[in-house]
Amino acid sequence: MYNFDKVINRKQTNSIKYDREKAQDSRIIPMWVADMDFETLPEVKEALLKRAEHGIFGYAAPTENYYQAVINWMKDRHHFDIQKEWIVPTPGIVTALKLAVRAYTHPSDKIMIMKPVYYPFDASINLNGRTVVECPLLFDGEQYTCDFELFEKQIIDNHVKMFILCNPHNPIGRVWTRDELYQMGKICQKHHVYVISDEIHMDFTYKNHNHVAFYNVDESFKDFTIICTAPSKTFNLAALQTSNIVIANKEMRKMFVDEKNASGVNDPNIFGLDACEAAYTYGAKWVDELLVYLQGNIDYMKDFFAEHLPDIKVIDPQGLYLVWVDMRSLGMNNEELEEFMLKKAYLWLDEGYIFGTGGAGFERFNVACPRSILKQALEQLEKAIKERV
Ligand SMILES: Cc1ncc(COP(=O)(O)O)c(C=O)c1O
């Protein structure tokens with residue numbers, strides 16, 4: 001059994017979560033950026049120590065074992081069959097999104113995203129001189145769905161060239177179903193829209209929700225889609241910047257690789273390659289236990305709100321370790337809510353409004369921490385809310 005209850009001090013470790021100005025007040029619990037407060041699995045540490053021990057860090061490239069580990073993980077965990085040639089390693093998914101934007105669209109082209117969504121999607125589009133077209137998700141007070149009519153209308157009206165899909169969807173926690181993905185894919189196919197499917201959270205799904213890789217929805221989706229995968233969320237390796245972009249279509253792969261070369265983007269570094277290979281080779285049991293622990297944290301949080309703060313709505317996550325919470329009943333504007341969380345509840349969360357349309361009044365909690373920390377955070381929040389005048 002792995003011990004996810006262990007509290008590890010992350011202060012003064014050059015962590016953006018713990019060491020930035022905003023977290024300097026020792027009462028503040030940082031629950032914002034999506035990295036976990038858990039140690040990765042022992043085999044990853046061993047692989048990195050072995051590499052460090054060797055002491056020579058010359059130029060390196062992904063090995064046959066590396067590719068095989070990626071292929072096996074995708075097949076075993078997701079019934080996702082990929083071929084070695086389809087894999088393009090990149091140093092991170094945000095980097096890959098930017099490369100895809102440049103590879104498949106022209107300046108001033110329109111790119112669609114479903115809001116609220118992971119905010120670097122906007123930046124990847126805007127920083128490259130393309131324009132964001134929004135398709136806001138529908139929210140019925142309980143759960144989010146895609147507005148398919150609007151989805152197609154926005155594509156037609158704006159001559160959209162690319163759709164960036166987030167599956168599972170950060171921050172709202174939806175694991176899109178095969179049927180939903182089919183509808184999205186078919187609309188994109190009909191209107192010649194490239195799909196970039198960001199599946200970085202693929203390994204985090206709960207209960208009867210299963211991740212469906214976009215290529216598994218329909219064979220023909222391989223013709224206009226790329227799939228972004230990474231071990232970084234799953235095994236807490238974000239700083240090692242390693243991701244694997246799966247591109248089945250030869251022409252699309254060439255366009256992406258050409259852009260990668262032109263932009264001067266290299267393969268992941270040797271530590272990232274070693275960690276990815278070890279994680280995918282030895283990590284199945286660790287992830288199984290992690291998912292049980294995370295489900296326990298999510299249940300704890302839902303029960304806590306139901307019992308102590310029933311006016312605040314926790315959106316039940318189908319996936320991710322990020323929990324989206326509707327705080328609109330507190331009646332605060334963006335600045336007031338942010339200030340309240342930091343200065344009264346001593347919580348550093350990701351503010352809902354930064355995820356764009358539909359996000360105001362919500363907060364995103366990262367619950368990938370020992371339960372004792374989560375408990376402390378929720379108690380701080382309850383105290384602050386109850387003391388409010
Ligand atoms: C949907 C999504 N894509 C990409 C990333 C970051 O990927 P990377 O660190 O590989 O750039 C995150 C991190 O939270 C994310 O939630």
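In this text, all values refer to a predicted model and were calculated from it rather than measured experimentally.

(A) Layout of the pairing of strand 4 (residues 131-134). As judged from the four bridges shared by strand 3 (residues 110-113) and strand 4, these two strands associate in the parallel manner. Across the sheet, Met 112 pairs through a bridge with Val 133, a residue of strand 4. Chirality of the crossover, the property in question, places the unit of strand 3, helix 5 (residues 120-126) and strand 4 among those that are right-handed.

(B) Main features of the pattern of salt bridges. Scanning the entire structure with this criterion turns up 31 salt bridges. Between Arg 10 and Asp 37 there is a salt bridge, and its shortest N-O distance comes to 2.8 Å. One end of the pair, Arg 10, is in the segment before helix 1 (16-19); the other, Asp 37, is in the loop between strand 1 (29-30) and helix 2 (42-54), and 27 residues separate them in sequence. Look at Asp 37 and you get buried, because its relative accessible area is 7%.

(C) The arrangement of the layout of surface pockets in detail. In this structure, the largest pocket encloses a volume near 1300 Å³. Surrounding the largest pocket, 47 residues form its lining, Ala 34, Asp 35, Leu 237, Ala 238 and Ala 239 being those nearest its centre. For the lining of the largest pocket, the secondary-structure elements that each account for two or more residues are helix 1, helix 2, helix 4 (93-104) and helix 8 (232-235). Per-class residue counts for the lining of the largest pocket are 22 nonpolar, 14 polar and eleven charged. A domain-level breakdown of the lining of the largest pocket finds at least three residues from each of domain 1 (21-41 + 284-388) and domain 2 (58-282).

(D) Quick peek at the packing of helix 11 (residues 284-308) against helix 13 (residues 371-387). Taken N-terminus to C-terminus, the directions of helix 11 and helix 13 make an angle of 20 degrees; their axes are 11 Å apart at the nearest point. When the axis of helix 11 is compared with that of helix 13, the two are roughly parallel. Handedness of the crossing formed by helix 11 with helix 13: right-handed. In this structure, helix 11 uses Tyr 293, Gly 296, Asn 297, Tyr 300, Met 301, Phe 304, Phe 305 and His 308 to contact helix 13, whose residues at the interface are Arg 371, Leu 374, Lys 375, Leu 378, Glu 379, Leu 381, Glu 382 and Lys 386. Residues that form the contact of helix 11 with helix 13 fall into these classes: eight nonpolar, three polar and five charged.

(E) Representation of the packing of helix 6 (residues 148-158) against helix 7 (residues 178-190) within the structure. Running from amino to carboxyl end, helix 6 crosses helix 7 at an angle of 20 degrees, the nearest separation of the two axes being 10 Å. Classified by the interaxial angle, the pair formed by helix 6 and helix 7 is roughly parallel. Our pair here, helix 6 against helix 7, has a crossing hand that is right-handed. For the pair formed by helix 6 and helix 7, the contact residues are Phe 148, Phe 151, Glu 152 and Ile 155 on the first element and Glu 180, Gln 183, Met 184, Ile 187, Cys 188 and Lys 190 on the second. Residue classes in the contact of helix 6 with helix 7 are distributed as six nonpolar, one polar and three charged.

Conventions we followed
- Residues numbered from 1 in each chain as written.
- Predicted model: local features only at pLDDT ≥ 70, side-chain atom pairs only at ≥ 80, totals over all residues.
- Heavy atoms only, no water.
- Pairing = 2+ DSSP bridges.
- Helix = DSSP H or I, 4+ residues; strand = E, 2+ residues; numbered from the N terminus.
- Right-handed = clockwise from strand over helix to strand, strands pointing away.
- Salt bridge = Lys/Arg side-chain N within 4 Å of Asp/Glu carboxyl O.
- Buried < 20%, exposed > 50% of the residue type's maximum accessible area, 1.4 Å probe, protein only.
- 1 Å grid on protein atoms, 1.4 Å probe; cavity = no way out; pocket = protein on both sides within 12 Å on 5 of 7 lines; lining within 4 Å.
- Points joined across faces, edges and corners; volume = space filled by probe spheres on them.
- Nonpolar A, V, L, I, M, F, W, Y, C, P; charged D, E, K, R; others polar.
- Domains from an automatic or database assignment.
- Axes fitted to C-alpha atoms, helices over the stretch in contact; angles between N-to-C directions.
- Parallel < 35°, antiparallel > 145°, perpendicular 65-115°, else oblique.
- Left-handed = near helix turned anticlockwise from the far one by under 90°.
- Contact = heavy atoms within 4.5 Å.

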